[in-house]
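Residue strings, one per chain:
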Amino acid sequence: MDDTERREITMRSRCGLSFLFAACLFIPSANAHITLERQEAAIGGGYKAVFRVPHGCGDSATVKIRIRIPEGVIGIKPMPKAGWQLETVKTKYDKPYKMFHNSVTEGVREVTWTGKLPDENYDEFILSTYLTDELKPDTILYFPVVQECEKGVHRWIETPEAGKSAADLPAPAPGLKLLPARRP
């Protein structure tokens, strides 16, 4: 075997391993959780929250996604999804918040999509939000999510105690690391 043949075999091996590694990144594991696509955002501005749903309950289809909005997150505008019914629950906030040049005293506190997502499919559920200056930078903000299926329920609502992380929990709520406000 000459040097050219050896290089060709080495290249094929590397390409094969690279393909296998890349393919594994896109296979949802049995322990996959509902997560946020972007897991960091600055306070005092808009944030597009994209909730990724990688599976149902066992092999059962997802029929409802319900997201609770944490205090300090305002200006909620959910994105409608074809084939899904959208509902929101509005309540008064614990205190008034400033959003741009207005004072806001109430808004959406829960968003629910009802439809059908087979277990073998993946989907995303999107909210436009505003992260108030009242939130604390360098902390994690959690969005509890309940995923109802034709058979079963996943409650992605757990938040870690001090000194622990979401990785320590079997059903963690999607978390967003809050960054300091960007100043012009």
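**Student:** Can you tell me about the overall build of the protein, naming the residues and giving the values?
**Tutor:** When helices and strands are tallied, the protein shows 1 helix and 12 strands. Secondary structure of the protein in N-to-C order comes out as α-β-β-β-β-β-β-β-β-β-β-β-β. Among the 184 residues that make up the protein, the fraction classed as buried is 36%. When contacts within the protein are restricted to residue pairs at least 6 apart in sequence, those whose partners lie at least 24 apart make up 70%.

**Student:** Explain the side chain of Asp119 to me, using residue names and the numbers behind them.
**Tutor:** Mapped onto the secondary structure, Asp119 falls in the loop between β7 (102-117) and β8 (123-131). Among buried charged residues, Asp119 stands out as having no salt bridge; its nearest opposite-charge side chain is Lys151, 12 Å away. Within the structure, the side chain of Asp119 is placed 2.7 Å from the backbone nitrogen of Gly56, a separation counted as a polar contact.

**Student:** I'd like a rundown of the sheet that holds strand β5 (residues 73-78), residues and numbers included.
**Tutor:** Strand order across the open sheet formed by 4 strands is β1-β3-β8-β5, with antiparallel pairing between neighbours. Strand pairing shows two members of the sheet lacking a second neighbour, β1 (35-36) and β5, which therefore form its edges. Note that β5 and β8 share 4 bridges and pair antiparallel. Within β8, the position partnered with Lys77 by the bridge is Ser128.

**Student:** Lay out the side chain of Arg109 in plain terms, naming residues and giving numbers.
**Tutor:** Relative to the assigned elements, Arg109 resides in strand β7. A distance of 2.9 Å separates a polar atom in the side chain of Arg109 from a polar atom in the side chain of Glu71. With residues up to four places along the chain from it excluded, the contact list for Arg109 reads Ile67, Arg68, Ile69, Pro70, Glu71, Val89, Lys90, Thr91, Lys92 and Tyr93.

**Student:** Lay out the sheet that holds strand β12 (residues 175-179) in plain terms, naming residues and giving numbers.
**Tutor:** Strand order across the open sheet formed by 3 strands is β2-β12-β9, with mixed pairing between neighbours. Looking at which strands have only one partner, the edges of the open sheet turn out to be β2 (40-42) and β9 (140-142). The sheet shows a mean angle of 40° between the axes of neighbouring strands, direction not considered.

**Student:** Run through the nonpolar core, naming residues and quoting values.
**Tutor:** Inside soluble globular proteins, nonpolar side chains tend to come together where they are buried. If you look at the biggest cluster of nonpolar residues, it comprises 29 residues, and the most contacted ones within it are Phe51, Ile67, Leu127 and Leu131. At the level of secondary structure, the elements contributing two or more residues to this core comprise β3 (45-53), β4 (62-68), β5, β7, β8 and β12. Residues within four places of Leu127 in sequence aside, it is in contact with Tyr47, Lys48, Ala49, Phe51, Ile67, Ile69, Ile76, Lys77, Pro78, Val111 and Trp113. Counting 6 residues, the second largest nonpolar core, distinct from the first, contains Tyr93, Tyr97, Val104 and Tyr130.

Parameters and conventions
- Residues numbered from 1 in each chain as written.
- Predicted model: local features only at pLDDT ≥ 70, side-chain atom pairs only at ≥ 80, totals over all residues.
- Heavy atoms only, no water.
- Helix = DSSP H or I, 4+ residues; strand = E, 2+ residues; numbered from the N terminus.
- Buried < 20%, exposed > 50% of the residue type's maximum accessible area, 1.4 Å probe, protein only.
- Contact = heavy atoms within 4.5 Å.
- Lys, Arg positive; Asp, Glu negative; His and termini not counted.
- Salt bridge = Lys/Arg side-chain N within 4 Å of Asp/Glu carboxyl O.
- Polar contact = N/O pair within 3.5 Å; in protein donor to acceptor, adjacent residues only side chain to side chain.
- Pairing = 2+ DSSP bridges.
- Axes fitted to C-alpha atoms, helices over the stretch in contact; angles between N-to-C directions.
- Core = buried A, V, L, I, M, F, W, Y, C linked by side-chain atoms within 4.5 Å.

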